[in-house]
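Tertiary structure, described
Each chain, letter by letter, is given below.
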Amino acid sequence: MSNSQFNEETLEWIVAPEQSGERIDKYITESIDSEGISRTQVQEWIKSGAAVVDGVTVKANFKVAEGNVVQLQIPEPEDAAIVPENIPLDVLYEDSDVIVVNKPRGMVVHPAVGHSSGTLVNALMYHCKDLSGINGVVRPGIVHRIDKDTTGLLMAAKNDLAHVSLAQQLKEHTVTRKYIALVHGNLQHDQGTIDAPIGRDSRDRKLFTVTDHNSRHAVTHFVVLERIGFDYTLVELQLETGRTHQIRVHMKYIGHPLAGDPVYGRNKTVALNGQALHAAQLGFTHPRTGERLDFEVPIPADMEHVLNSLRLR
């Protein structure tokens, strides 16, 4: 692990031996946060001259060496082009630093191509008025995300100090993230760990898969909660890492894809508009007070209805 510190809007790290030889854009992206800030965003910052190694401005392809002092001056956020929208939010907790919400099925977390409005960010901008600027104008405050059709708990940062703290906790795996999922098949083991690297699918770049090629370390722990007949299992999953589509990819990899998953699952088998996946528990250390905060929300009504229907077969 490299040493890091946060001072107003400057991030600083000292390159550790195992990180020597990495490109500066990759090094900074992974040092800030494994999921909250994109490599593209980091490359834009580097291009603008925001990255300095041992006092010298570098380009994105610069390779770091052990002992290098890497500094990133985070630019002042631009005026957001995203329109705040008065969309109802299920807020579980809020203060001047963080907000925790229970996201409904069908809501995209942040604007992207095809989803410029109606997102959680649009709703947060209306509700909060103050969000961290670290992720730029498209993803203000977003430290981690869950897929459009995944329901449940999500935290957002209201300022840059909170954002860096929460991102670091995610990177150090001290954030508790537990999900409830309905999967196909009858899992043989009552509990287990899936440790398999995830990268983009070479046949379809929009999808992810377990692969050794250009992949990243990914670990998911599971515990069986209930076996429903011989063809479905209700499981609790805990993320150790936070790769895109991690749970969906890992469960498909072990032969138990999520019920209702339109991308990684089987043909439509349950009456859900999307995968049966719910972010049920979230826990983290408050970035300012140091207090441990833990939240839990029950599975949504549509998923509960599917479970009851399967139990009554």
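See the structure shown above.
The sections below set out a description of the structure shown in this document. (Residues numbered from 1 in each chain as written. Predicted model: local features only at pLDDT ≥ 70, side-chain atom pairs only at ≥ 80, totals over all residues. Heavy atoms only, no water.)

This part is about the nonpolar core. The biggest cluster of nonpolar side chains holds 31 residues, and the ones touching the most others in it are Leu 124, Tyr 179, Leu 237, Ile 247 and Met 251. Mapped by element, the contributors of at least two residues to this core are strand 7 (98-103), helix 3 (120-128), strand 8 (151-157), strand 9 (176-184), strand 13 (219-228), strand 14 (232-239), helix 5 (246-253) and strand 15 (277-285). If sequence neighbours within four positions are ignored, Met 251 has contacts with Val 183, Leu 187, Ile 194, Leu 237, His 256, Pro 257 and Leu 258. Within the second largest apolar cluster, 19 residues are counted, among which are Val 15, Ile 46, Ala 51 and Val 58. (Core = buried A, V, L, I, M, F, W, Y, C linked by side-chain atoms within 4.5 Å. Buried < 20%, exposed > 50% of the residue type's maximum accessible area, 1.4 Å probe, protein only. Helix = DSSP H or I, 4+ residues; strand = E, 2+ residues; numbered from the N terminus. Contact = heavy atoms within 4.5 Å.)

A few words now on the pattern of salt bridges. With the rule as written, the count across this model stands at 14 salt bridges. We note a salt bridge from Asp 190 to Arg 227, for which the minimum N-O separation is 3.0 Å. With Asp 190 in the loop between strand 9 and strand 10 (191-195) and Arg 227 in strand 13, this pair connects stretches of sequence that are 37 residues apart. Its relative accessible area of 33% is what places Arg 227 among the partly exposed residues. Between Arg 292 and Asp 294 there is a salt bridge whose closest N-O contact spans 3.9 Å. Accessibility expressed as a relative area gives 53% for Asp 294, which makes it exposed. In this structure, a network of salt bridges that share partners links the residues Arg 23, Asp 25 and Arg 39. (Salt bridge = Lys/Arg side-chain N within 4 Å of Asp/Glu carboxyl O.)

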